[in-house]
Amino acid sequence: MSHGGLGPLGLTGDEERLYRELLDRGSADLGPDAEHDQQRAVLESLVERGLVVRDDQGVARVAPPAGALGSLALHRMDELRDAQRQIELLVKRYESQDAGARSPLIEVVRGAETMATRYALALRSAREEVCSLVKAPAIITTPEDNEGQRHALGSGVRLRVVYDRAALETGAVDFPTMLKELASMGEEMRVAFDVPFKVAVIDRQTVVLIHAEPSNPYFVLVREPLLAAVCQWVFETVWDWGLPVPEALAATATDELSADERELLALLLAGHTDESVAKALDVSPRTVQRRVQRLLRLAGAQSRIQLGWHAARRQWV
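The model shown is predicted, which means the values in this text are computed figures rather than measured ones.

## Quick notes on the nonpolar core
Point 1. Ranked by internal contacts, the top residues of the largest apolar core, which has 26 residues, are Val130, Tyr163, Leu179, Val208 and Phe219.
Point 2. Counting only elements with at least two residues in this core, the list comes to α4 (112-124), β4 (129-134), α5 (147-154), β5 (158-164), α6 (175-185), β6 (188-192), β7 (199-202) and β9 (218-223).
Point 3. Considering each element in turn, this core owes the most residues, 4 residues, to α4.
Point 4. Non-local contacts of Leu179, meaning those with residues more than four positions away in its chain, are made with Tyr163, Leu168, Met189 and Val245.
Point 5. If you look at the next biggest cluster of nonpolar residues, it comprises 18 residues, including Leu268, Leu296, Leu298 and Leu307.

## Digging into unusual backbone geometry
Point 1. Located in the positive-phi region is Asp203, a residue other than glycine, with phi close to 55°.
Point 2. As for its placement among the helices and strands, Asp203 is situated in the loop between β7 and β8 (206-211).
Point 3. The backbone phi angle of Asp282 is positive, close to 60°, even though this residue is not glycine.
Point 4. Take Asp282: it is sitting in the loop between α10 (274-281) and α11 (285-299).
Point 5. For Asp282, a relative accessible area of 70% gives the class exposed.

Calculation notes
Residues numbered from 1 in each chain as written. Predicted model: local features only at pLDDT ≥ 70, side-chain atom pairs only at ≥ 80, totals over all residues. Heavy atoms only, no water. Core = buried A, V, L, I, M, F, W, Y, C linked by side-chain atoms within 4.5 Å. Buried < 20%, exposed > 50% of the residue type's maximum accessible area, 1.4 Å probe, protein only. Helix = DSSP H or I, 4+ residues; strand = E, 2+ residues; numbered from the N terminus. Contact = heavy atoms within 4.5 Å.

These figures capture arrangement, not role.
Here it is in structure tokens:
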């Protein structure tokens, strides 16, 4: 499938190349060799499409592009409108069926290649928003290979993703560069520690729960608004405590706390104010606040309440 040039107008790669050559040269005078025999076949196709015309001497010249290509574009648009009407009729026909005759509410898709194809199709069905949690081990798909994601973003679908910090430490991919490229495409992203599971919620209606273990990769696609609402709530919670990418990448999940930091954390969790903590540690309140900010970064937390929760999970106190 072509993603640029004249491919969307139905031209093959050979047709577009010859058309552009004729546009630059002004005309075509092809000799009798085999290569020119192949070019003649392509040329005849361009003539049939109305993109090239022959003069009285039989010399091929490019027709004025504004009219010729514009006419071809209008024809393709008419075809797309007809296809859209057929889709609407098929949707109505599908929705008129009994529930038991429809596609199942649950699909189980196995195998990395089949998963990638089916997931891309699910993304292409999105109309408003896709929210994803990416937990290690990650199935790595580069932006240029992720057709479903590119289609969704190009169609104006909002895409929000929270990456598990551990998923970015595999070393298999240059993640900072890849995340920068994804951000340039329009993806909104954050990074959090301890992402609970791997999931995508599409338009708050469809859930894709992903099991990405290399030995047995599969995902379960569920069309159930109630489950989607639960998974959406989990996503929003993780999104809220996630960190912007640059700040998260600067933090290290395995950084050890110093004895002073553990004591500071214990005092905070016991309800002491910054001033009383400063007196207990014989430091200034500004130093306490600076150390608290470091702890927040390490935990991937945005508030002291979240910091307490992460501290308990990580057994920092």
